[in-house]
Amino acid sequence: MTASGERILHATGLVAGYGAAEEILKGVEIAVGAGEIVTVIGPNGAGKSTLLKVVAGLVPARKGTITLLGADVTRQGAIQRARSGIAFVPQEKNVFGTMTVAENLQISAFADPSGARQRAEALYERYPVLAARHGALARTLSGGQRQMLAMAMGLMGEPRLILLDEPTAGLSPKAADELFEAVVALNRSGLPVLMVEQHAVEALAVSHRGYVLVAGRNGVEGEGPKLASDMDVRRLFLGG
């Protein structure tokens, strides 16, 4: 946790799955403190993306509790959680390809349409590449530009926490590096980040803390850079 100890998100005992008898998460606990980047890693099928969807309200928790800034949001749906301050950026289908960059931002202000134009202008200043292509259809953007747009769409609701699911998936090494730089800059502006990422070493290197999920349960937890350099973690989960 952060030096202040303030918890933005705290989820305990999460049990969830997609079928009546299927359990992907089997009692997961996770916390994100003020000012933190927290990365979740683990083998395929460990439940990483499911965890983000449960926190976002897209998959209901069968057991467990989720609190945001001390308030219990466990029974809230996805729209309510967005209004409470949780933004979720999925790995796929995260922009509307037949809409322009500007339209994608506008539609993402559904939780609070007032001031949407001003928030969009602020995001154009933060991400000049989006300003330069504000009238272009989202489907014409490069992979890195689409991911930047998806992140900006999540920011249109002025969230208290942003969830990023595999943000560098399918990107070139250069675009992935630029995306990580954008995540770090966003965090430095004061927004906590909870991220699932396939480039685990790179993600942990820029994270304050990390969690390893194994078969739907908590495994190792620790400071991000220390996890990235831990030989057992590297051997078991990071490919050497």
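The structure this text deals with has already been given above.
Report follows, based on the coordinates. Every value quoted in this text rests on a predicted model; they were computed, and no experiment measured them.

**Things to note about the pairing of strand S10 (residues 217-223)**
When a strand is regular, its side chains alternate between the sheet's two faces.
Part 1 of the argument: Judged from the five bridges that link them, strand S9 (residues 209-214) and S10 form a sheet pairing that is antiparallel. Opposite Gly210, over in S10, you have Gly222 as the bridge partner.
Part 2 of the argument: Connecting S9 to the next strand, S10, in antiparallel fashion are two residues, including Ala215 with a positive phi near 50°.

**Things to note about the sheet that holds strand S7 (residues 161-165)**
Part 1 of the argument: The sheet built from six strands is open, its strands ordered S6-S7-S8-S3-S9-S10 with mixed pairing. Where the open sheet ends on each side, the last strands, each with one partner, are strand S6 (86-89) and S10. Adjacent strand axes in the sheet meet at a mean angle of 15°, parallel and antiparallel pairs treated alike.
Part 2 of the argument: Examined bridge by bridge, strand S3 (residues 37-41) and S9 share four bridges and lie parallel to one another. Bridge pairing in S9 links Ile41 to Val212.
Part 3 of the argument: Lying on the sheet, helix H1 (residues 48-56) is in contact with S3, S6, S7, strand S8 (193-196) and S9; it crosses S7 at an angle near 150°.

**Here we look at unusual backbone geometry**
Part 1 of the argument: You will see that Lys93, though not glycine, has its phi angle at about 50°, which is positive.
Part 2 of the argument: Tracing the backbone through its elements, the reader meets Lys93 in the loop between S6 and helix H3 (101-107).
Part 3 of the argument: Using a relative accessible area of 84% as the deciding quantity, one classes Lys93 as exposed.
Part 4 of the argument: For Ala215, which is not glycine, the phi dihedral falls at a positive 50°.

**Quick look at helix H4 (residues 116-126)**
Part 1 of the argument: Listing the buried residues of H4 in full gives Ala116, Arg119, Ala120, Leu123 and Tyr124. End-on view of H4: buried residues confined to an arc of 145°, all on one side of the axis. Residues of H4 that are exposed and point over 90 degrees away from its buried face: Arg117, Gln118 and Glu125.
Part 2 of the argument: The inward-facing, buried residues of H4 contact H3, helix H5 (128-132) and helix H6 (143-155).

**What to know about the pattern of salt bridges**
Working definition: two side chains of opposite charge can pair if their charged atoms are close together.
Part 1 of the argument: What the rule picks out here adds up to four salt bridges.
Part 2 of the argument: Lys174 is the salt-bridge partner of Glu178, the closest N and O atoms lying 2.6 Å from each other. Taken together, the positions of Glu178 and Lys174, both in helix H7 (residues 173-188) and four residues apart, correspond to about one turn of that helix.
Part 3 of the argument: Lys226 serves as the salt-bridge partner of Glu223, at 4.0 Å between the closest nitrogen and oxygen.

**As for the sheet that holds strand S2 (residues 25-33)**
Part 1 of the argument: Across the sheet, which stays open at both edges, the four strands sit in the order S2-S1-S4-S5 with antiparallel pairing between neighbours. Of all strands in the sheet, those with a lone pairing partner are S2 and strand S5 (71-72), marking the two edges.
Part 2 of the argument: Note that strand S4 (residues 63-68) and S5 share two bridges and pair antiparallel. Across the sheet, residue Leu68 finds its bridge partner in S5, namely Ala71.
Part 3 of the argument: Packed onto the sheet, H1 meets strand S1 (7-16), S2 and S4 and runs at close to 70° relative to S2.

**Some words on the nonpolar core**
Part 1 of the argument: One finds Leu105, Tyr127, Leu149, Met151, Ile162 and Leu164 to be the most contacted residues of the largest nonpolar core, which totals 38 residues.
Part 2 of the argument: Mapped onto this core, the elements with two or more residues apiece are S6, H3, H4, H6, S7, H7 and S8.
Part 3 of the argument: Looking at this core element by element, the count peaks at eight residues for H7.
Part 4 of the argument: Residue contacts for Tyr127: discarding those within four places in its chain leaves Met148, Met151, Ala152, Leu155, Ala182 and Leu186.
Part 5 of the argument: Core analysis: the second largest hydrophobic core is formed by 30 residues, Ile8, Ile86, Leu161 and Leu194 among them.

**Digging into H6**
Part 1 of the argument: Compared with an ideal rise of 1.5 Å per residue, which puts 13 residues at 18 Å, H6 spans 19 Å between its outermost C-alpha atoms and is within 8% of the ideal.
Part 2 of the argument: Judged by how many residues are buried, H6 sits mostly within the fold: 11 of 13 residues are covered.
Part 3 of the argument: When H6 is considered as a whole, its buried residues turn out to be Gly144, Gln145, Gln147, Met148, Leu149, Ala150, Met151, Ala152, Met153, Gly154 and Leu155.
Part 4 of the argument: In this fold, the buried residues of H6 make contact with S6, H3, H4, H5, S7 and H7.

**Some points on the side chain of Asn104**
Part 1 of the argument: Turning to its location among the elements, Asn104 is positioned in helix H3.
Part 2 of the argument: Polar contacts involving the side chain of Asn104 include one to the main-chain amide nitrogen of Phe96, which spans 2.8 Å.

So, how was this worked out
- Residues numbered from 1 in each chain as written.
- Predicted model: local features only at pLDDT ≥ 70, side-chain atom pairs only at ≥ 80, totals over all residues.
- Heavy atoms only, no water.
- Pairing = 2+ DSSP bridges.
- Helix = DSSP H or I, 4+ residues; strand = E, 2+ residues; numbered from the N terminus.
- Axes fitted to C-alpha atoms, helices over the stretch in contact; angles between N-to-C directions.
- Contact = heavy atoms within 4.5 Å.
- Buried < 20%, exposed > 50% of the residue type's maximum accessible area, 1.4 Å probe, protein only.
- Arc of directions from axis to C-beta.
- Salt bridge = Lys/Arg side-chain N within 4 Å of Asp/Glu carboxyl O.
- Core = buried A, V, L, I, M, F, W, Y, C linked by side-chain atoms within 4.5 Å.
- Expected span 1.5 Å × (residues − 1).
- Polar contact = N/O pair within 3.5 Å; in protein donor to acceptor, adjacent residues only side chain to side chain.

Distances and angles like these do not, on their own, reveal function.
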